[in-house]
Amino acid sequence: MKLEGRVAIVTGAAGGIGLAIAHALSREGAIVTVADIAGDEARHAAATVEAAGGRAWPIAVDVADPASVSSMTEAVIARFGRLDILVNNAGIGRTALFLETSIEDWNRTIAVNLTGAFLVGQACARVMVQRGGGRIVNITSTSGQRGGRGRAAYGAAKAGLDLLTRVMAVELAAQGVNVNAVAPGPTDTKMVEAAHDAATRAAYGRLIPAARYGRPEEIAEAVVFLCSDAARYVHGHTLAVDGGFTAAGMM
Ligand SMILES: NC(=O)c1ccc[n+]([C@@H]2O[C@H](COP(=O)([O-])OP(=O)(O)OC[C@H]3O[C@@H](n4cnc5c(N)ncnc54)[C@H](O)[C@@H]3O)[C@@H](O)[C@H]2O)c1
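Predicted model only: the values in this text are computed from it and were never measured. (Residues numbered from 1 in each chain as written. Predicted model: local features only at pLDDT ≥ 70, side-chain atom pairs only at ≥ 80, totals over all residues. Heavy atoms only, no water.)

## What to know about the overall build of the protein
A count of helices and strands for the protein gives eight helices and seven strands. Taken over C-alpha atoms, the radius of gyration comes to 17 Å for the protein, in line with the 18 Å a tight globule of 251 residues would show. Residues classed as buried in the protein amount to 49% of the 251 residues present. Summarising the internal contacts of the protein: among those between residues at least 6 apart in sequence, 74% fall at separations of at least 24. Of the roughly 11,700 Å² that the protein leaves accessible, carbon and sulfur atoms contribute 55%. Charge-centre separation for the protein: the mean point of 23 positive side chains lies 4 Å from the mean point of 23 negative side chains. (Helix = DSSP H or I, 4+ residues; strand = E, 2+ residues; numbered from the N terminus. Rg over C-alpha atoms; globule rule 2.2 N^0.38 Å. Buried < 20%, exposed > 50% of the residue type's maximum accessible area, 1.4 Å probe, protein only. Contact = heavy atoms within 4.5 Å. Areas by Shrake-Rupley, 256 points an atom, 1.4 Å probe, with all protein chains shown as cover. Lys, Arg positive; Asp, Glu negative; His and termini not counted. Charge placed at Lys NZ, Arg CZ, Asp CG, Glu CD.)

If you want it as structure tokens, here you go:
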């Protein structure tokens, strides 16, 4: 097992990609805090990790709320005495054209997808620096690298998180903390079910060289790699897990 005994927090882990990450980390021996704004769903999700033979602990958190983030971090340290891995995965995926994006939607999207990762990242990195090291993986998106229609707020937040990843990596490398990002392309989860109609799915089918959507487990495997000792010299990298979508050209 690559992560035996390590203590991890995965935000937004009640379902979708976050839950797949929680399962994958726990299969490698990590003890996983399943953190989500949906407290009941986090409890259910943690139970599925335990049922599969792993160790998991649910906690309710709003990553956009500094007080909620502090109490989560303190609770994890009080319970396990250490923190080795953070996966900043919580996110919301509202879609609206630029001219129609309301200030409320803009603010909430930036608050959860960018400020949330900043708040949780800072709280956890402080603990990791004190203990001499750790791993942080931020879940960004191809939408943070390409100008997709309807992705003004979401794409801007994810682009910001990509840059924040590099700044964190540069500032924390000498203190033993590796910070990297995984940028999924379209991945079959509830977020995508809500946002992609049949025409969008067909278009992606043509644009993605692998000719299909990703599966949450495939994103999770990349996260496990970045959390493992095999990635000890990888700092500030954004790993695209997108079936070749961002690599593709016009022909
Ligand atoms: N599914 C995709 O195609 C895709 C592609 C690229 C990037 N992503 C990113 O991957 C991550 C997971 O996406 P998903 O598709 O699994 O979505 P999802 O909607 O299935 O899961 C997101 C989880 O985050 C939680 N959450 C939302 N706001 C929160 C908050 N304020 N505090 C704590 N938890 C909160 C939700 O309750 C939910 O459980 C997101 O950051 C998303 O932007 C997804």
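Past the structure itself, the notes keep going.
## Considerations on the site of the ligand
Close to the ligand lie 27 residues; D36, N89, Y154, T187 and T189 are nearest. In this structure, I37 approaches the ligand through a main-chain N or O atom, which is 3.2 Å from a nitrogen atom. Backbone polar atom of N89 to an oxygen atom of the ligand: 2.7 Å apart, as the coordinates give it. For the ligand, whose accessible area on its own is 830 Å², the fraction buried by protein is 90%. Broken down by secondary-structure element, the contributors of at least two residues to the shell around the ligand are α1 (16-27), α4 (103-131), α5 (152-172) and α6 (190-195). Per-class residue counts for the shell around the ligand are 14 nonpolar, nine polar and four charged. (Near = heavy atom within 4 Å. Polar contact = N/O pair within 3.5 Å; in protein donor to acceptor, adjacent residues only side chain to side chain. Nonpolar A, V, L, I, M, F, W, Y, C, P; charged D, E, K, R; others polar.)

## Side note on the packing of aromatic side chains
Counted by the stated rule, this structure contains three aromatic pairs. Consider the rings of W57 and F80, whose centres lie 5.8 Å apart with planes at 85°: the pair is edge-to-face. Of this pair, W57 sits in strand β3 (residues 55-60) while F80 is found in helix α3 (residues 66-80), placing the two residues 23 residues apart along the sequence. Of the residues examined, W57 reaches a relative accessible area of 18% and is grouped as buried. Ring centres 5.5 Å apart and planes at 70° place the aromatic pair Y204 and F245 in the edge-to-face group. You can see Y204 sitting in helix α7 (residues 198-207) and its partner F245 sitting in the segment after β7 (238-241), a full 41 residues away along the chain. Put simply, the rings of Y204, Y213 and F245 touch in pairs and so form one group of aromatic residues. Sitting over the face of the ring of Y154, R151 holds its NZ or CZ atom 4.1 Å from the ring centroid. Residue placement shows R201 over the ring face of Y213; its charged tip is 4.1 Å from the ring centre. (Phe/Tyr/Trp six-rings, centres within 6.5 Å; stacked < 30°, edge-to-face > 60°. Lys NZ or Arg CZ within 6 Å of the ring centre and 35° of its normal.)

## Regarding the layout of surface pockets
Empty space within the second largest pocket amounts to approximately 220 Å³. Lining the second largest pocket are A117, F118, G121, Q122, A125, R126, V129, L164, V167, M168, E171 and L172. Going through the elements one at a time, α4 and α5 are the ones with two or more residues in the lining of the second largest pocket. The element best represented in the lining of the second largest pocket is α4, accounting for seven residues. (1 Å grid on protein atoms, 1.4 Å probe; cavity = no way out; pocket = protein on both sides within 12 Å on 5 of 7 lines; lining within 4 Å. Points joined across faces, edges and corners; volume = space filled by probe spheres on them.)

## Looking at the side chain of N88
Within the secondary structure, N88 sits in strand β4 (residues 85-88). Once residues within four sequence positions are removed from consideration, N88 is found in contact with T11, G116, A117, V120, G121, I136, V137, N138 and I139.

## A few points about empty space enclosed by the protein
Applying the stated criterion across every chain yields a total of two cavities of 30 Å³ or more. Estimates place the volume of the largest cavity at around 50 Å³. Around the largest cavity sit R94, A96, T101, D105, T109, G150, R151, A152, A153 and Y154, which together line it. Looking at the lining of the largest cavity, the elements that each hand over two or more residues are α4 and α5. The element that contributes the greatest number of residues to the lining of the largest cavity is α5, accounting for three residues. Grouping the amino acids of the lining of the largest cavity by side-chain chemistry returns four nonpolar, three polar and three charged. Estimated volume of the second largest cavity: approximately 40 Å³. In this structure, the second largest cavity is lined by T11, V63, N88, N89, A90, V112, N113, G116, A117, V120 and L161. When residues of the lining of the second largest cavity are assigned to their parent elements, the largest contribution, five residues, is made by α4. Across the lining of the second largest cavity, the residue classes break down as six nonpolar, five polar and no charged.

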